[in-house]
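# Architecture and fold: a report
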Amino acid sequence: MTSDFKLDEAEPDFVSVNGVVKIGERTNVVRKILNGFRRQGNRVAPDRGSWGTEAPGDDTVELLVDEDENREHGSRKLSAPLLAGTAYCISSCSMIVLNKVVLSSYSFNAGISLMFYQNLLSTVIVVLLHFFGLVSLERLNWKLVRVWIPVNVIFVGMLVSGMYSLNYINIAMVTILKNMTNIITAVGEYFIFRKQQNRKVWIAMFLMIISAVSGGITDLSFDAVGYTWQIINCILTAGYSLTLRRVMDTAKHLTKSGSLNEVSMVLLNNMLSLPFAIILILMFNEWEYVINSDVISLPMFWVVATLSGVLGLAISFTSMWFLKETGPTTYSLVGSLNKIPISIAGLVLFNVRVSLENLFSILFGLFAGVFFARAKMS
């Protein structure tokens, strides 16, 4: 008996016709699941045992994909500044120790010449890396160089003043006095970028001033010349961090590609500093001192000086990378936070004679730096 109509029933997933098993239309659900995995970028096949359970719809899979992408983007956004800050702290701390070894332990009183050697070494390394195709550099032009010269002048002054202050002051006091950079930077941000600071930040900066003043008063090896150089260094360091961001944005429009990578900026800073360094060496008559110095005949001296030059390249790269990922205040802030391990290392490695009052001032300065960091995060 035949029928002219069909029952409105759902077709089973699997039907048997003449003993042959056919897959019904509902297996499209499996295809939807596989498409969802394909969109998610997962090349691993689904667990065979899970096919018997109810699969999520397309909307659910797309939602999961969006959540994973957002989570991955968020973790990448947080990890980049952390990696940049860590690299910057390690390179800067190590360089301070090695520079102190060269200037004090070897009694090498030619800070400008040391800076020239470090920057020359950094320039040669970057050019060689570019020659072997390991890094890419933007083609330099006069317009780009002219825009970069002002920040490079500040860069040279920052390095030279840092060398001279480190030659006269112990590392612990240098790092405490560097807190003043944060204050100058915050004030500069207020007047230049109209950036407001909360009350806790101003309280922290007031504590930094107290620690710097008390540290200077109780410093058993106080040297007025060294402290003067360090104050100059704080002003130039703040000016460097405030100026660099604006110059970076302007310089990008003067290149063929419309961008300026970190390696090109490192080359610009180190290469353009060489003529200024030569002028300063001639002005201060350092070349005569270097030629007649006995330490330049010591192989270990050149090992330490060369290693400090390599770290000079690292700090140039990491400082620009870190500044690009954060901002001027955070840049100078983290630079002051690394004074915790460097202060301890400076006191221990160089056997610095400190009074109880001076040690308390140093600890108070470390506390002020941490308080400043917490205040900036609030």
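Here we summarise the structure given alongside this text.

### Quick notes on the overall build of the protein chain
Tallying secondary structure elements over the protein chain gives 14 helices and two strands in all. Looking at the 378 residues of the protein chain, the share that counts as buried comes to 40%. Nonlocal contacts in the protein chain, meaning residues at least 24 apart in sequence, comprise 85% of its contacts between residues at least 6 apart. Split by element, the accessible area of the protein chain, about 21400 Å² in all, is 65% carbon and sulfur.

### Points about the packing of helix 3 (residues 111-131) against helix 4 (residues 142-168)
Packed helices, taken two at a time, are described by the angle their axes make and the gap between the axes. The contact between helix 3 and helix 4 brings their axes to 9 Å, and the two run at 130°. Overall, the two elements helix 3 and helix 4 adopt an arrangement that is oblique. When the axes of helix 3 and helix 4 are compared, the crossing they make is right-handed. Contacts between helix 3 and helix 4 involve G111, I112, L114, M115, Q118 and N119 from the first element and F155, V156, L159, V160, M163 and Y164 from the second. Residues of the contact of helix 3 with helix 4, tallied by class, amount to nine nonpolar, three polar and no charged.

### Observations regarding a nonpolar patch on the surface
Taken together, the side chains of L120, V124, L128, L129, F131, F132 and L134 define a hydrophobic patch exposed on the protein surface, amounting to about 710 Å² of accessible area. Along the polypeptide, V124 turns up in helix 3. Residue V124 is classed as partly exposed on the basis of its relative accessible area, which comes to 41%.

### Quick look at the packing of aromatic side chains
According to the stated counting rule, one finds 14 aromatic pairs in the structure shown. Here the aromatic rings of F364 and F367 are separated by 6.3 Å at their centres, their planes lie at 40°, and the arrangement is tilted. With F364 and F367 both in helix 14 (residues 356-377) and three residues apart, the pair spans about one turn of that helix. Look at F367 and you get partly exposed, because its relative accessible area is 47%.

### Observations concerning the nonpolar core
Across soluble globular proteins, nonpolar side chains show a tendency to be buried alongside one another. The biggest cluster of nonpolar side chains holds 39 residues, and the ones touching the most others in it are F108, L114 and M115. At seven residues, the largest contribution of residues to this core is made by helix 2 (residues 58-105). Apart from residues lying up to four places away in sequence, M115 is in contact with V156, L159, V160, M163 and A277. L144, L244, L267 and L323 belong to the second largest nonpolar core, which has 28 residues in total.

### Focus: empty space enclosed by the protein
Scanning the entire structure with this criterion turns up one cavity of 30 Å³ or more. The space that makes up the largest cavity amounts to roughly 680 Å³. In this structure, the largest cavity is lined by 33 residues; those nearest its centre are I96, M158, L159, K178 and I315. When contributions to the lining of the largest cavity are tallied by element, the ones reaching two or more residues are helix 2, helix 3, helix 4, helix 5 (171-177), helix 8 (224-252), helix 11 (299-325) and helix 12 (328-337). Sorting elements by how many residues they give to the lining of the largest cavity places helix 4 first, with seven residues. A per-class count over the lining of the largest cavity returns 13 nonpolar, 19 polar and one charged.

### Side note on the side chain of K100
Within the fold, K100 resides in helix 2. Beyond its immediate stretch of four places on either side in the chain, K100 contacts S105, L166, N167, I169, N170, I171 and F350.

### Some words on the packing of helix 3 against helix 11
Contact geometry of helix 3 with helix 11 gives a least axis separation of 8 Å together with a crossing angle of 60°. When the axes of helix 3 and helix 11 are compared, the pair comes out oblique. For the pair helix 3 and helix 11, the sense of crossing is right-handed. Residue-level contacts link L114, Y117, Q118, L121, S122, I125 and V126 of helix 3 to W302, A305, T306, S308, G309, V310, G312 and L313 of helix 11. For the contact of helix 3 with helix 11, the class distribution of residues is nine nonpolar, six polar and no charged.

So, how was this worked out
Residues numbered from 1 in each chain as written. Predicted model: local features only at pLDDT ≥ 70, side-chain atom pairs only at ≥ 80, totals over all residues. Heavy atoms only, no water. Helix = DSSP H or I, 4+ residues; strand = E, 2+ residues; numbered from the N terminus. Buried < 20%, exposed > 50% of the residue type's maximum accessible area, 1.4 Å probe, protein only. Contact = heavy atoms within 4.5 Å. Areas by Shrake-Rupley, 256 points an atom, 1.4 Å probe, with all protein chains shown as cover. Axes fitted to C-alpha atoms, helices over the stretch in contact; angles between N-to-C directions. Parallel < 35°, antiparallel > 145°, perpendicular 65-115°, else oblique. Left-handed = near helix turned anticlockwise from the far one by under 90°. Nonpolar A, V, L, I, M, F, W, Y, C, P; charged D, E, K, R; others polar. Patch = residues over 30% accessible without salt bridge, like charges linked within 9 Å, V, L, I, M, F, W, Y side chains within 5 Å. Salt bridge = Lys/Arg side-chain N within 4 Å of Asp/Glu carboxyl O. Phe/Tyr/Trp six-rings, centres within 6.5 Å; stacked < 30°, edge-to-face > 60°. Core = buried A, V, L, I, M, F, W, Y, C linked by side-chain atoms within 4.5 Å. 1 Å grid on protein atoms, 1.4 Å probe; cavity = no way out; pocket = protein on both sides within 12 Å on 5 of 7 lines; lining within 4 Å. Points joined across faces, edges and corners; volume = space filled by probe spheres on them.

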